[in-house]
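# A closer look at the structure
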Amino acid sequence: MSQLCPCGSGFEYSACCQPYLNGERPAPGPSQLMRSRYSAFVNHHSDYLISTWHPSCMAAQHKADIEAGFAATHWLSLTIFEEAPGANPGEEFVSFVARFEENGKPGAIIERSRFLKEGGRWYYIDGLKPQFGRNDLCPCGSGKKFKKCCGA
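Since the structure is predicted, the reported quantities are computational estimates derived from the model, not experimental observations. (Residues numbered from 1 in each chain as written. Predicted model: local features only at pLDDT ≥ 70, side-chain atom pairs only at ≥ 80, totals over all residues. Heavy atoms only, no water.)

So, on to the packing of aromatic side chains. According to the stated counting rule, one finds five aromatic pairs in the structure shown. Seen from their ring centres, Tyr 38 and Trp 75 are 5.9 Å apart, and the 80 degrees between their planes marks the pair as edge-to-face. Linking Tyr 38 in helix H2 (residues 30-43) with Trp 75 in strand S1 (residues 73-85), this pair joins segments that are 37 residues apart in sequence. With relative accessibility at 16%, the residue Trp 75 sits in the buried group. An angle of 70 degrees between the planes, with centres 5.8 Å apart, marks the rings of Phe 115 and Tyr 124 as edge-to-face. (Phe/Tyr/Trp six-rings, centres within 6.5 Å; stacked < 30°, edge-to-face > 60°. Helix = DSSP H or I, 4+ residues; strand = E, 2+ residues; numbered from the N terminus. Buried < 20%, exposed > 50% of the residue type's maximum accessible area, 1.4 Å probe, protein only.)

Written out as structure tokens, the structure reads:
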């Protein structure tokens, strides 16, 4: 039976993020890398997460912390709401909302992630939390005000 990809693309996992997580090929762009990293969190693939962090982040030293977070976190959905080129060649940004439950409590990560392309591969380097006013529409696309949605 086919399984939809957890990244929310609407495609089957085998035709979406699974080939990236299995190492069959690298994600071709920042948006696909963002989706595949989300799928790696859902499916507890710490090695993939570490391999897709920019080498300067030295993510391998945080492997135990990454894996410890898997036990308490249940990922619910990913919404990508913006993709933008960076100021430099090989730099791009992806803005997203990732909803989760941690120890039974709802939460959301809202981030503008920065990706760098080196040696023909894209890497996650870092991210910023964008600032939203309480009365702004929530970036997750719910149509609700931020204060009543992800900002709650």
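Secondary-structure assignment places Phe 132 in the segment after strand S4 (121-128). Judged by relative accessible area, which is 25%, Phe 132 ranks as partly exposed. Taking the C-alpha atoms as reference points, Phe 132 and Glu 82, 50 residues apart in sequence, are found 15 Å from one another. Excluding anything up to four places from it in sequence, Phe 132 contacts Phe 81, Ile 110, Pro 139 and Phe 146. (Contact = heavy atoms within 4.5 Å.)

Function cannot be inferred from these measures alone, as they are strictly geometric.
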